[in-house]
Amino acid sequence: MMKPIIKAAACILLTLSFGAQVYAADGGNPKKGKHLYKKECKACHSPGAVGKEMTPMSKTMSQWDRFFKRMKHKGDQEAFNAFSDKDLKDIQQFLYDHAADSDQPQTCG
Ligand code: HEC
């Protein structure tokens, strides 16, 4: 009887704490994010590289938000966990601002 309630409560708490950290790509520094993206992500995400080509336009705004909310990086989870929350927020902001369905879609960093 107790278990589903505890599970539900844990879910809500998790959602709230995640939401507080990276809520809908807002308040990050896209300029810094662009720099970080070029420096940290492009090494693996260029044509022919291990992570395949990836640009801000690879996803829509909501897809980027979902990606950074879930924080599941199929390629290399450890490389991802090494970023600070602030860095990730900046990168998220940059990718979000230039997503496929944004005002200024951008194909490269
Ligand atoms: C050490 C190499 C490496 C680095 C650094 C790296 N990635 Fe990846 N990434 C990968 C690999 C490998 C994959 C898996 C590609 C595949 O689908 O085969 C991947 C997959 C992805 C995907 C697709 C996952 C999905 O579910 O759609 C996204 C988005 C992504 N990476 C974003 C990033 C971002 C943003 C950064 C910089 C903050 C980054 N990656 C840095 C190697 C890397």
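Reading guide: rules and limits
Residues numbered from 1 in each chain as written. Predicted model: local features only at pLDDT ≥ 70, side-chain atom pairs only at ≥ 80, totals over all residues. Heavy atoms only, no water. Patch = residues over 30% accessible without salt bridge, like charges linked within 9 Å, V, L, I, M, F, W, Y side chains within 5 Å. Areas by Shrake-Rupley, 256 points an atom, 1.4 Å probe, with all protein chains shown as cover. Salt bridge = Lys/Arg side-chain N within 4 Å of Asp/Glu carboxyl O. Lys, Arg positive; Asp, Glu negative; His and termini not counted. Charge placed at Lys NZ, Arg CZ, Asp CG, Glu CD. Helix = DSSP H or I, 4+ residues; strand = E, 2+ residues; numbered from the N terminus. Buried < 20%, exposed > 50% of the residue type's maximum accessible area, 1.4 Å probe, protein only. Donors = N, O, S within 2.8 Å, 3.2 Å for Na, K, Ca; no water. Tetrahedral: all angles 85-135°; square planar, octahedral: opposite > 155°, others 65-115°. Phe/Tyr/Trp six-rings, centres within 6.5 Å; stacked < 30°, edge-to-face > 60°. Lys NZ or Arg CZ within 6 Å of the ring centre and 35° of its normal. Contact = heavy atoms within 4.5 Å. pLDDT = per-residue confidence, 0-100.

S.K.: Please provide a residue-by-residue account of a positive patch on the surface, values included.
M.R.: Taken together, Lys52, Arg66, Arg70, Lys72 and Lys74 make up a surface patch of like positive charges. With respect to the element layout, Arg70 can be found in helix α3 (residues 61–70). For Arg70, a relative accessible area of 55% puts it in the exposed group.

S.K.: A description of the coordination of the iron atom of the ligand should follow, citing residues and the corresponding values.
M.R.: Taken together, His45 (NE2) and His73 (NE2) make up the protein donors of the iron atom of the ligand, found 1.9 Å from the metal. Relative to the metal, the six donor atoms surrounding the iron atom of the ligand lie at angles of 87 to 179°, and the coordination shape comes out octahedral. With His45 in the loop between α2 (30–41) and α3 and His73 in the loop between α3 and α4 (77–81), this residue pair connects regions lying 28 residues apart in the sequence. For the pair shown, His45 and His73 are each scored as buried.

S.K.: I'd like a description of the packing of aromatic side chains, backed by residues and values.
M.R.: Two measures describe an aromatic ring pair: the distance that separates the ring centres and the angle between the ring planes. Taken as a whole and judged by the stated rule, the model has seven aromatic pairs. A ring pair is formed by Phe80 and Phe83, whose centres lie 6.2 Å apart and whose planes are at 90°; its orientation type is edge-to-face. With respect to class, Phe80 is no different from Phe83; both count as buried. Members of the aromatic cluster, joined through ring pairs, are Trp64, Phe67, Phe68, Phe80 and Phe83. Directly above the aromatic system of Trp64 lies the positively charged group of Lys59, at a separation of 5.9 Å from the ring centroid.

S.K.: Could you give an account of the side chain of Asp90, naming the residues involved and the relevant values?
M.R.: Take Asp90: it is sitting in helix α5 (residues 85–97). Each residue touching Asp90, except ones within four places of it in the same chain, is listed here: Gly28, Asn29, Pro30, Lys32, Gly33 and Leu36.

S.K.: Could you give an account of the confidence of the model for the protein chain, with specific residues and numbers?
M.R.: In this model, the protein chain carries a mean pLDDT of 83, and residues with pLDDT of at least 70 account for 75%. Here residues 14–23 scores under 50 on pLDDT; set against residues more than four positions off or in separate chains, the count is six contacts.

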